[in-house]
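Fold and geometry: a report
Listed below are the residues making up each chain.
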Amino acid sequence: KTNLIVNYLPQSMTQDELKSLFSSIGEIESCKLVRDKITGQSLGYGFVNYTVPKVAEKAICTLNGLRLQTKTIKVSYARPSSVSIRNANLYVSGLPKTMAQKELEQLFSQYGRIITSRILFDQDTGLSRGVGFIRFDKRIEAEEAIKGLNGQKPAGATGPITVKFANNPSQKSSQAILSQLYHSPNRRYPAPLAQQAHRFRFPPMNIDGMTSLAGINIPGRVGTGWCIFVYNLGPDTDESILWQMFGPFGAVTNVKVIRDFNTNKCKGFGFVTMTNYDEAVMAIASLNGYLLGDRVLQVSFKTNKTHK
């Protein structure tokens, strides 16, 4: 009862600032802000371990619900790691655009204890994307939520919602790819990826000097983000599929499926904008050549030559 988990920390908060805040309550034995192993970016949560349980309890009473910048932090007792709590993160799409985070939690809380939740918003308009994530305390609770809510139509929704386990990209494969990206800029990728390159319109793994993943000199820098071109999508592809594919790799600010004006079907391609370059690189490296249905996707940074 001395180890606490702190969720919903501001992205810019440092470990020293976290330690300073919680040291104001009492003596700390250890403090750790959790960061992405590849990009070094804060994942928005951390752990604080006090020397005595009484001080930890006081920290929960004092700091839980504290407003920091645009975030309201959540302070609770940390759980020991076990198989029962792994992979309990759900992806939810088709939510009413008016639904707030609190209402999302109310909808799912009947199935178990929610650790974190978030709804994705359009940064330009501030409107909900109708997409969210819910992390339960235990995997079995997440399974029950899928059984109970997938295909259901909550109040305010125009159609049934989709509830499924969120895709978590493999940390090991991600690290291997980025390791080669940053430490061997003049080497081409080894087989089997290099052998597959002829199958793609854009060679997926051409890293030569200053050349980007897309095989061009200047990747898709747009405003404050990076635009990714996704080609060979099926006619029934919608935005929620792209949100689910790219969301686990990092912050996605915009998703657009290009549709035929007459049929409203996908014309075979779309665009995804991500805020962080490293995360965009990782998404491209992981998803280029990805089999979606019966189609092999081509994923690259957007170029001036790309479809408009």
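Looking up the protein chain in an unreviewed UniProt entry gives the name ELAV-like protein, with the organism given as Acanthisitta chloris. Entered under Sequence similarities (unreviewed entry) in the UniProt record, the comment concerning the protein chain runs "Belongs to the RRM elav family."

1. Side note on the overall build of the protein chain
The helix and strand tally for the protein chain stands at eight helices and 17 strands. Put simply, the protein chain has 308 residues, and 45% of those count as buried. Within the protein chain, contacts between residues separated by at least 24 positions form 62% of all contacts whose residues are at least 6 apart in sequence. As presented, the protein chain carries roughly 16,400 Å² of accessible surface, and 51% of it is formed by carbon and sulfur atoms.

2. Describing the sheet that holds strand β10 (residues 162-165)
The four strands are arranged β8-β9-β7-β10 in an open sheet whose pairing can be described as antiparallel. Every interior strand has two partners, whereas the edge strands, β8 (114-121) and β10, have only one. Across the sheet, the mean angle from the axis of one strand to that of its neighbour is 20°, orientation sign disregarded. Direction of pairing for strand β7 (residues 89-93) relative to strand β9 (residues 128-136): antiparallel, over a ladder of five bridges. In the strand pairing of β9, Leu-90 is matched with Ile-134. Contacting β7, β9 and β10, helix α4 (residues 139-149) crosses the sheet at an angle of about 155° to β10. Across the sheet, helix α7 (residues 239-246) lies against β7, β8, β9 and β10, angled at about 160° from β7, the strand it touches most.

3. Quick word on the pattern of salt bridges
Pairing is possible between side chains of opposite charge, provided their charged atoms come close. Applying the stated criterion to the full structure yields six salt bridges. Linking Lys-265 and Asp-236 is a salt bridge whose minimum nitrogen-to-oxygen distance equals 2.6 Å. Here Lys-265, found in the loop between β13 (252-259) and β14 (266-274), pairs with Asp-236, found in the loop between β12 (225-231) and α7; they are 29 residues apart in sequence, far enough to count as distant. Here Lys-265 falls in the partly exposed class, since its relative accessible area comes to 39%.

Definitions and cut-offs
Every chain is numbered on its own, with residues counted from 1 as its sequence reads. In view of the model being predicted, local features appear only for residues whose pLDDT reaches at least 70, and side-chain atom pairs are presented and counted only at 80 or more, with totals across whole chains, interfaces and linings using the full set of residues. No hydrogens and no water enter the side-chain calculation; it runs on all heavy atoms of the structure. UniProt positions are given in the numbering used here, feature names are shortened, and annotations may be inferred rather than shown by experiment. Put simply, DSSP marks the helices as runs of H or I at least four residues long and the strands as runs of E at least two long, and each gets a number from the N terminus on. Here's how the labels work: a residue is buried when its accessible area is under 20% of the maximum for its type, exposed when over 50%, partly exposed in between, all with a 1.4 Å probe on protein chains only. Any two residues whose heavy atoms approach within 4.5 Å are treated as being in contact. What sets the accessible areas is the Shrake-Rupley method with a 1.4 Å probe; for residues, cover comes only from the shown protein chains. At least two DSSP bridges between two strands are needed for those strands to be called paired. In this description, a line fitted to the C-alpha atoms serves as the axis of each element, helices being fitted only across the stretch in contact, and the angle between N-to-C directions of two axes falls anywhere from 0 to 180 degrees. Salt bridges are defined by distance alone: a side-chain nitrogen of Lys or Arg within 4 Å of a carboxyl oxygen of Asp or Glu.

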